[in-house]
Amino acid sequence: GMLKGNGTAISAATAGTDYVSPANHITGYITSNQLTASGTAVNVTGMSFAIAANEVWSVEFFLGIVNEASGSDTKVAIDVPTAATVGGNVDGSGSGGGDYDIITADATLTGGVASFTSGSIRVAALIQNGANAGTVQLMFASGDGINDTSVVGGRTYFVARKMN
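The rules behind each value
Residues numbered from 1 in each chain as written. Predicted model: local features only at pLDDT ≥ 70, side-chain atom pairs only at ≥ 80, totals over all residues. Heavy atoms only, no water. Helix = DSSP H or I, 4+ residues; strand = E, 2+ residues; numbered from the N terminus. Core = buried A, V, L, I, M, F, W, Y, C linked by side-chain atoms within 4.5 Å. Buried < 20%, exposed > 50% of the residue type's maximum accessible area, 1.4 Å probe, protein only. Contact = heavy atoms within 4.5 Å. Pairing = 2+ DSSP bridges. Axes fitted to C-alpha atoms, helices over the stretch in contact; angles between N-to-C directions. Phe/Tyr/Trp six-rings, centres within 6.5 Å; stacked < 30°, edge-to-face > 60°.

Further remarks concern unusual backbone geometry. Its identity is not glycine, yet Asn54 carries a phi of approximately 65°, on the positive side. Topologically, Asn54 is positioned in the loop between strand S5 (42-51) and strand S6 (56-67). A positive phi angle, near 75°, is found at Ala83, a position not held by glycine. Counting through the fold element by element, Ala83 comes out in the loop between strand S7 (74-79) and strand S8 (85-92).

Take a look at the structure:
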């Protein structure tokens, strides 16, 4: 097991009190590109994880993005179980030094971020689940609903941490 020290003595560390157990971390990544021209949110395959009722999780999604046309943007959303709350920040590379938005509602697309033809998006969110177990799912859409936007395999991954 793990040990802890207080300056004068060493003793066994307690999971959940002295450190976060590795069992409370979930990671994932994708190896192939996923493309959409839809302005309606679609799931990013492989960018999801299950949560139990009444759990609290933090998650960071990192997306490599390729847009068919410069300025066409990419939008993102997070789908959470019924009665869960979600709040997050979205930062993307874009024209004028970068774009940002916030996530405040289940499965609601942000404004367009990552407006370069090749860029990145970082989504950091806190999910406070209610009484329903379910899945946290990252979603994306074309900013204009016309031009293709792709989530790039090999540059897209997530890290989720159980907070309680």
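Further remarks concern the nonpolar core. As a rule of thumb, soluble globular proteins bury nonpolar side chains together. The biggest cluster of nonpolar side chains holds 28 residues, and the ones touching the most others in it are Phe61, Leu63, Ile78, Val123 and Ile127. Where this core is concerned, the elements lending two or more residues are S5, S6, S7, S8, strand S10 (118-128), strand S11 (134-142) and strand S13 (157-162). Broken down by element, this core gets its largest block of residues, five residues, from S6. Excluding anything up to four places from it in sequence, Ile127 contacts Ile51, Glu55, Val56, Trp57, Val59, Val80, Ala84, Thr85, Val86 and Val136.

With that settled, the discussion passes to the pairing of S11. In terms of residue burial, S11 counts as a mostly covered element, since seven of its nine residues are buried. Pairing of S5 with S11 involves six bridges; the strand directions are antiparallel. Directly across from Asn43, in S11, lies its bridge partner Met139. Two strands pair when backbone bridges link them, and S7 and S11 are joined in this way by six bridges, in the antiparallel orientation. Paired with Ala77 across the bridge in S11 is Met139.

So, on to the sheet that holds S5. If you trace the three strands from one edge of the open sheet to the other, you get S5-S11-S7, paired in antiparallel fashion. The outermost strands of the open sheet, each flanked by one partner alone, are S5 and S7. Put simply, the sheet's adjacent strands are angled 15° from each other on average, direction ignored.

Following the criterion strictly, the structure yields four aromatic pairs and no others. Residues Phe61 and Phe158 carry aromatic rings whose centres are separated by 5.6 Å and whose planes lie at 45° to one another, so their mutual orientation is tilted. Remark: Phe158 occurs in strand S13 and Phe61 occurs in strand S6; sequence separation between them is 97 residues. Each member of the pair Phe61 and Phe158 is classed as buried. Ring centres of Phe62 and Tyr157 lie 4.8 Å apart, and the angle between their planes is 20°; this geometry places the pair in the stacked category. With a gap of 95 residues between them, Phe62 in strand S6 and Tyr157 in strand S13 connect regions that are remote in the sequence. Residue Tyr157 is classed as partly exposed on the basis of its relative accessible area, which comes to 39%. Among the aromatic residues, those joined into a ring-pair cluster are Phe49, Trp57, Phe61 and Phe158.

So, to be careful, I would describe these as geometric facts and stop short of saying anything about function.
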